[in-house]
Amino acid sequence: MKSNFHKRIFISISIFIAGITLTCVTFLSMYTYRSLERQSNQNLAQLCENTATEFDSLIDEMNKLALYASTSRIVMDVFMDRNSPDASGIAVNQDIFTVLNSLSTPNSSNRFRISLYSVNGTFFSTGIPYSQQYVTDKLTDASYRSWYDTLPVKDNSYSLEAFHEDYWTDTGEKYLSLYRQIFDPYLITSSNGIAEIQCPYDTVRELFQFQDSQYQALLLDTQGQILLASADDTGPFQSFEENEIILSSSPRQGVLDGLIYSTCALNDGYYIVITQSQAHIWDVILPQITVIILMGVVTLILILAIVFTITRRSTEPLRKLTSEIRLVSAATPTLHLDNIDYPDEVYSLNQAFSQMFDRIRAFTDKIVAVKTSEMRAHMIALQAQMNPHFLYNMMAVIKAMSQEGSNAQIEAACDYLVRMLRYTSSYEKSDVTLEDELDYASCYLALMKMRYEDCFEYRLDLPEESIISKLILPRLTLLPLLENSFKHGFHATAPPWRIVIRCEKTPAAYRISVTDNGCGIPADKQEKIKENLDALLQNPDKKISKLTFGGMGFVNTLARLTLKYKEKFHFEILSPTDGGASIILEVNES
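Since we're looking at a predicted model, the values are computed, not measured.

## So, the overall build of the protein chain
- Within the protein chain, the regular secondary structure consists of 17 helices and 17 strands.
- Within the protein chain, contacts between residues at least 6 apart in sequence are counted, and of these 63% link residues at least 24 apart.
- Here the protein chain displays about 33100 Å² of accessible surface, and carbon together with sulfur accounts for 55% of that area.

## Some remarks on the environment of Leu447
- Within the fold, Leu447 resides in helix 12 (residues 434–452).
- You can call Leu447 buried: its relative accessible area is 0%.
- Spatially, the C-alpha atoms of Leu447 and Met394 are 7.4 Å apart, while their sequence positions differ by 53 residues.

## Looking at the packing of helix 12 against helix 14 (residues 479–489)
- Between helix 12 and helix 14, the shortest axis-to-axis distance is 10 Å and the interhelical angle comes to 20°. One way to sum up the angle between helix 12 and helix 14 is to call them roughly parallel. Considering only the axes of helix 12 and helix 14, their crossing is right-handed. Contacts between helix 12 and helix 14 involve Tyr440, Ala441, Tyr444, Leu445, Met448 and Tyr452 on the former and, on the latter, Leu479, Leu482, Glu483 and Phe486.
- Residues belonging to the contact of helix 12 with helix 14 are distributed by class as follows: nine nonpolar, no polar and one charged.

## Some words on the sheet that holds strand 12 (residues 456–461)
- Taken together, the five strands give an open sheet; going across it, the order is 12-14-15-17-16, and neighbouring strands pair in mixed fashion. The outermost strands of the open sheet, each flanked by one partner alone, are strand 12 and strand 16 (569–574). Looking at each pair of strands side by side, their axes are set apart by 10° on average, direction ignored.
- Sitting on the sheet, helix 12 touches strand 12, strand 14 (497–505) and strand 15 (509–516), and the angle it makes with strand 12 is about 165°.

## Quick notes on helix 5 (residues 132–140)
- Residues Val135, Lys138 and Leu139 constitute the buried set of helix 5. Considered in projection along helix 5, the buried side chains sweep an arc of 95° and stay on one side of the axis. Opposite the packed face of helix 5, turned more than 90 degrees from it, sit the exposed residues Gln133 and Thr140.
- On the buried face of helix 5, the contacting elements are strand 2 (123–127) and helix 6 (144–149).

## Section: the sheet that holds strand 1 (residues 113–117)
- In space, the five strands of this open sheet follow the order 2-1-5-4-3, with antiparallel pairing throughout. The strands lining the two open edges of the sheet, one partner per strand, are strand 2 and strand 3 (159–165). Neighbour to neighbour, the strand axes of the sheet diverge by 20° on average, direction disregarded.
- Relative to strand 5 (residues 191–200), strand 4 (residues 174–183) runs antiparallel, the two being bridged by nine bridges.

## Some thoughts on the packing of helix 11 (residues 407–424) against helix 12
- One can describe the packing of helix 11 onto helix 12 by two numbers: an axis separation of 10 Å at closest approach and a directional angle of 145°. Note on packing geometry: the crossing formed by helix 11 with helix 12 is left-handed. Every residue of helix 12 that contacts helix 11 at Gln409, Ala412, Ala413, Tyr416, Leu417, Arg419, Met420, Tyr423 and Thr424 is listed here: Asp436, Glu437, Asp439, Tyr440, Cys443, Tyr444, Ala446, Leu447 and Met450.

## Section: the confidence of the model for the protein chain
- Overall, the prediction assigns the protein chain a mean pLDDT of 79, with 78% of residues at 70 or greater.
- In this model, residues 87–91 is a region of pLDDT below 50 whose contacts with residues beyond four sequence positions or in other chains number three contacts.
- Note that pLDDT drops below 50 for residues 547–551; the model gives that stretch 18 contacts with residues more than four away or on any other chain.

## Some remarks on the pairing of strand 5
- Summarising burial for strand 5: nine of the 10 residues are buried, a large majority.
- The sheet contact formed by strand 1 and strand 5 spans five bridges and is antiparallel. By the bridge assignment for strand 5, Ile114 is matched with Ile197.

## Considerations on the packing of aromatic side chains
- According to the stated counting rule, one finds 22 aromatic pairs in the structure shown.
- Ring geometry for Phe79 and Phe124: centres 6.1 Å apart, planes at 70°, overall edge-to-face. Highlighted residues: Phe79 in helix 2 (residues 73–81) and Phe124 in strand 2, separated in sequence by 45 residues.
- You can call Phe79 buried: its relative accessible area is 0%.
- A connected cluster of aromatic rings, assembled from ring pairs, spans Tyr117, Phe123, Tyr130, Tyr144, Trp147, Tyr148, Tyr167 and Trp168.
- The lysine or arginine in question, Lys138, covers the ring of Trp147, its NZ or CZ lying 4.1 Å from the ring centre.
- When the ring centre of Tyr510 is taken as origin, the NZ or CZ atom of Lys505, which lies over that ring, is 5.2 Å away.

## Let's talk about the environment of Ile292
- Position of Ile292 among the secondary structure elements: in helix 8 (residues 278–325).
- Residue Ile292 is classed as buried on the basis of its relative accessible area of 12%.
- Once the C-alpha coordinates of Ile292 and Thr32 are considered, the two residues, 260 residues apart in sequence, prove to be 9.1 Å apart.
- Ignoring any residue separated from it by four or fewer positions in sequence, one finds Ile292 in contact with Val25, Leu28, Ser29 and Thr32.

## Section: the nonpolar core
- Membership of the largest hydrophobic core comes to 54 residues, with the highest contact counts inside it found for Ile499 and Ile501.
- Per element, the largest residue contribution to this core is 10 residues, and it comes from helix 12.
- In this view, Ile499 contacts Leu445, Phe456, Glu457, Tyr458, Arg459, Leu482, Ser485, Phe486, Phe490, Val514, Thr515 and Asp516; residues no more than four positions away in its chain are not counted.

## A word on a nonpolar patch on the surface
- A contiguous nonpolar patch, built from Ile293, Val297 and Ile301 and spanning about 260 Å² of accessible area, is present on the exposed surface.
- Summarising the element assignment, Ile301 is placed in helix 8.

## Regarding helix 17 (residues 553–565)
- The end-to-end C-alpha separation of helix 17 is 18 Å, in line with the 18 Å expected for 13 residues at 1.5 Å each.
- Extensive coverage of helix 17 is indicated by the burial of 12 of its 13 residues.
- Of all the positions in helix 17, only Gly553, Phe554, Val555, Asn556, Thr557, Leu558, Ala559, Arg560, Leu561, Thr562, Leu563 and Tyr565 are classed as buried.
- The first or second residue beyond helix 17 is Lys566, which carries a positive phi of 55°.

Parameters at a glance
Residues numbered from 1 in each chain as written. Predicted model: local features only at pLDDT ≥ 70, side-chain atom pairs only at ≥ 80, totals over all residues. Heavy atoms only, no water. Helix = DSSP H or I, 4+ residues; strand = E, 2+ residues; numbered from the N terminus. Contact = heavy atoms within 4.5 Å. Areas by Shrake-Rupley, 256 points an atom, 1.4 Å probe, with all protein chains shown as cover. Buried < 20%, exposed > 50% of the residue type's maximum accessible area, 1.4 Å probe, protein only. Axes fitted to C-alpha atoms, helices over the stretch in contact; angles between N-to-C directions. Parallel < 35°, antiparallel > 145°, perpendicular 65-115°, else oblique. Left-handed = near helix turned anticlockwise from the far one by under 90°. Nonpolar A, V, L, I, M, F, W, Y, C, P; charged D, E, K, R; others polar. Pairing = 2+ DSSP bridges. Arc of directions from axis to C-beta. pLDDT = per-residue confidence, 0-100. Phe/Tyr/Trp six-rings, centres within 6.5 Å; stacked < 30°, edge-to-face > 60°. Lys NZ or Arg CZ within 6 Å of the ring centre and 35° of its normal. Core = buried A, V, L, I, M, F, W, Y, C linked by side-chain atoms within 4.5 Å. Patch = residues over 30% accessible without salt bridge, like charges linked within 9 Å, V, L, I, M, F, W, Y side chains within 5 Å. Salt bridge = Lys/Arg side-chain N within 4 Å of Asp/Glu carboxyl O. Expected span 1.5 Å × (residues − 1).

Structure representation (structure tokens):
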């Protein structure tokens, strides 16, 4: 019987351990696979980003040379004089080449050709050599003017022309060209010539060559056509052409025809695609998984041997333990193991863990209570702020109306102020309905209408009352957005000024927008807003003193909504190029 007991124990534990080992090996293999795949994708994305940065740096270097050459006063004067019949050719040449030589550093002279030319045949060049005879023939050819007019030149900006045959030699070599106009020094709308910076195809291609041959790189134009490939055979990459998934302004990763790819959009509308074969990733992953499986098998064998030894030696103590367990009853609900050499470690561990979990549970509850109180204190502190300058200005307006004898307007203004002050001084509830917020905002806008009269107008586009009364918001959510329009949006914009508050309910979310016709919010200020928001949410106790409606009121609103709704809250800042700004707050229902 003793042997049978030992056998049952050993078989049961062995099956259990074998199952655990198999599960661990499976999960470890999957984890290794996903980790290596994720690392490979991260390396691919990083390589794509680095290559894009190098290419943008190359374009930036070319643009600096073109900008310096095209805006040089000597160059502008020379090209202006070349349009007059009494220009001095010798002095002109000396001045021009002085400028070109100052640009032609040892690096750029080997990498670029800097050419300045005009429609009437003026031509200067330095850097990569050109064919003088070929240039002379081209400039005197009857088709030169029509060719000149077809160059992709933009006003007040640079433009790129990708990999065309050299215009100034007959070698057939391909170049990447960057153009800038040379304007008249006295009439900036008049172009007297073109500054062209040429970079050889091979120089650009060096950026797309990697030490590890498993990676291949492509340069695509705005239509998805392949402009440059690191591999001579572009056959495997033809499927990337005209692929709308690849052509995205944001980085993308995916798999296409057995190739793992990562894309980056460049500043000039081009795209870089870095690819890696899926087969190569498996060549790396399979050996790792094989090692894990072998280690799992060896580990299982060793564990089973140890279990066999332990269970065999444990048979006798277990028999004694069984005898003691038979003595347990309702009158004696504990084990008397004093005389046993092997105490019940499992029982002791269970008791210890139970006590530990009780302590952890109590400690966790305490932390949750502290954090909850701390968060509410932050939200109350964020709420309890109002711009005193607004009150000063409105008192001045009321005083002016009293001097004019406008009693009805004074009564209305005082009523609006009383409603606003009553609203802001109530701390019984930190949250209010959207309907309450809109009522408060309408009071504020009505007062601003009294202050600015015909220079300001506003409109509220609202759904039915039953909808706006359901959404709960932190108190004083909308006011900072309105104050932002007056303080930052209208200060550099001529009246009349307009503000539109629009609320709508979609099937999935509530959407609130505040739109003005001010000067807009530039991209750098939008980034600053996001940085301030992140800093506030990470250290609210250190940043709370800086949050006032006159300072970071917009960040105030975003912080309070984020603290309340977390991932259910989203915001967006739209600032069209023709002016104005629209701040959109969205709260998901799910």
